[in-house]
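So the chains spell out like this:
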Amino acid sequence: MNGTTFSNYGSNVTVGQTYNYYIVAHLSTGSTVTSNTVSATAPSNCATPALTVTPTTTVAFGSVAVGSSSTQTFAVQNSGSGTLSGSASVSSPFSIVSGGSYSLAAGASQTVTVKFSPTAAQSYNQNVTFTGGAGATRAVTGTGTAVPALTVTPTTTLAFGSVAVGSSSTQTFAIQNSGSGTLTGSASVSSPFSIVSG
């Protein structure tokens with residue numbers, strides 16, 4: 001139709017919602033013609049879920065003692081439409097402790113908690129993988145630190161027995177680092193006992 005202009009305002013729709021459309025034709029004569037109204041309900045394949053994960057930068061756990069653990073969180077959100085379904089996963093010594101699977105309506109969000117449990121005194125780097133939408137990965141880092149442990153033997157009372165006034169007697173303890181890393185410390189005792197070596 002010569003001199004006719006068409007406009008479309010239906011590019012953004014919500015699944016399950018019914019929309020009414022009509023066409024207004026602007027004729028070259030200056031008059032307009034309006035079509036009959038057409039109703040349509042948006043089908044499920046109109047939905048486009050989108051995954052947003054924050055923070056967007058590397059999450060650093062810092063230094064954590066071997067045998068201990070620390071947690072950090074990510075927020076996952078459906079920044080699109082429809083329902084976003086997916087899960088989060090990561091390799092050891094990191095693990096997902098809560099929020100590992102999600103089913104989010106448009107605009108909804110959920111917290112995913114990651115735990116770092118180092119098994120050795122070294123640095124670790126892994127990626128947390130998030131599925132759903134276009135997917136996403138986020139880097140996590142952490143360092144396991146050594147944990148020294150003090151063992152003293154004997155573990156029972158050390159008896160000097162009878163010692164003449166003006167004389168002295170010695171006994172010994174054995175000190176051991178039964179953990180990892182470097183054990184630093186000192187031994188002390190009150191008079192009339194004293195530390196003479198070690």
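Residues numbered from 1 in each chain as written. Predicted model: local features only at pLDDT ≥ 70, side-chain atom pairs only at ≥ 80, totals over all residues. Heavy atoms only, no water.

**Description of the environment of Thr-56**
Turning to step 1, where the next piece is worked out: Position of Thr-56 relative to the elements: it lies in the loop between β5 (51-54) and β6 (59-65).
Turning to step 2, where the next piece is worked out: Note: C-alpha distance between Thr-56 and Phe-74 (18 residues apart in sequence) is 9.1 Å. (Helix = DSSP H or I, 4+ residues; strand = E, 2+ residues; numbered from the N terminus.)

**Notes on the layout of surface pockets**
Turning to step 1, where the next piece is worked out: As a volume, the largest pocket reaches approximately 1000 Å³.
Turning to step 2, where the next piece is worked out: A breakdown of the residues in the lining of the largest pocket according to their chemical character gives 14 nonpolar, 13 polar and no charged. (1 Å grid on protein atoms, 1.4 Å probe; cavity = no way out; pocket = protein on both sides within 12 Å on 5 of 7 lines; lining within 4 Å. Points joined across faces, edges and corners; volume = space filled by probe spheres on them. Nonpolar A, V, L, I, M, F, W, Y, C, P; charged D, E, K, R; others polar.)

**Quick notes on the side chain of Thr-113**
Turning to step 1, where the next piece is worked out: Locating Thr-113 in the fold gives a position in strand β11 (residues 109-116).
Turning to step 2, where the next piece is worked out: The residues touching Thr-113, leaving out its near neighbours within four places in the chain, are Thr-71, Gln-72, Thr-73, Ser-95, Ile-96, Val-97 and Ser-98. (Contact = heavy atoms within 4.5 Å.)

**As for the confidence of the model for the chain**
Turning to step 1, where the next piece is worked out: Across the chain, pLDDT averages 88, with 86% of residues at or above 70.
Turning to step 2, where the next piece is worked out: Counting contacts from residues 1-11, a segment whose pLDDT is below 50, to residues more than four positions away or on other chains yields 13 contacts. (pLDDT = per-residue confidence, 0-100.)

**Here we look at the side chain of Asn-78**
Turning to step 1, where the next piece is worked out: With respect to the helices and strands, the residue Asn-78 is situated in strand β7 (residues 70-78).
Turning to step 2, where the next piece is worked out: At a separation of 3.2 Å, a polar atom in the side chain of Asn-78 contacts the main-chain amide nitrogen of Ala-50. (Polar contact = N/O pair within 3.5 Å; in protein donor to acceptor, adjacent residues only side chain to side chain.)

**A closer look at the environment of Ala-149**
Turning to step 1, where the next piece is worked out: Of note, Ala-149 is situated in the loop between β13 (136-145) and β14 (150-153).
Turning to step 2, where the next piece is worked out: In the structure, Ala-149 is positioned 27 residues away from Gln-176 in sequence and 8.0 Å away in space, judged by C-alpha atoms.
Turning to step 3, where the next piece is worked out: If sequence neighbours within four positions are ignored, Ala-149 has contacts with Gln-176, Asn-177, Ser-178, Gly-179 and Leu-183.

**Brief notes about the sheet that holds β7**
Turning to step 1, where the next piece is worked out: Spatially, four strands are ordered β5-β7-β11-β9 in an open sheet, and the strand pairing comes out antiparallel. Every interior strand has two partners, whereas the edge strands, β5 and β9 (94-98), have only one. The sheet shows a mean angle of 30° between the axes of neighbouring strands, direction not considered.
Turning to step 2, where the next piece is worked out: Relative to β7, β5 is paired through four bridges, and the arrangement is antiparallel. Looking across to β7, one finds that Thr-54 is bridged to Ala-75. (Pairing = 2+ DSSP bridges. Axes fitted to C-alpha atoms, helices over the stretch in contact; angles between N-to-C directions.)

**Description of the pairing of β11**
Turning to step 1, where the next piece is worked out: In terms of strand pairing, β7 meets β11 through eight bridges, oriented antiparallel. Residue pairing across strands places Ala-75 opposite Thr-111, the latter belonging to β11.
Turning to step 2, where the next piece is worked out: The pairing of β9 with β11 spans four bridges and is classified as antiparallel. Residue pairing for β11: Ser-98 is matched across the bridge by Thr-113.

**Concerning the packing of aromatic side chains**
Turning to step 1, where the next piece is worked out: Across all of its chains, the model carries six aromatic pairs by this definition.
Turning to step 2, where the next piece is worked out: With 5.8 Å between their ring centres and 65° between their planes, Phe-116 and Tyr-124 make a pair best called edge-to-face. Comparing Phe-116 with Tyr-124 shows no difference in burial state: the two are buried.
Turning to step 3, where the next piece is worked out: Relative to Phe-193, the ring of Phe-160 has its centre 5.5 Å away and its plane inclined at 50°; by these criteria the two rings are tilted. Of this pair, Phe-160 sits in the loop between β14 and β15 (174-177) while Phe-193 sits in the segment after β15, and the two are 33 residues apart along the sequence.
Turning to step 4, where the next piece is worked out: Through pairs of rings, three or more aromatic residues link up here, namely Phe-61, Phe-94, Phe-116 and Tyr-124. (Phe/Tyr/Trp six-rings, centres within 6.5 Å; stacked < 30°, edge-to-face > 60°. Buried < 20%, exposed > 50% of the residue type's maximum accessible area, 1.4 Å probe, protein only.)

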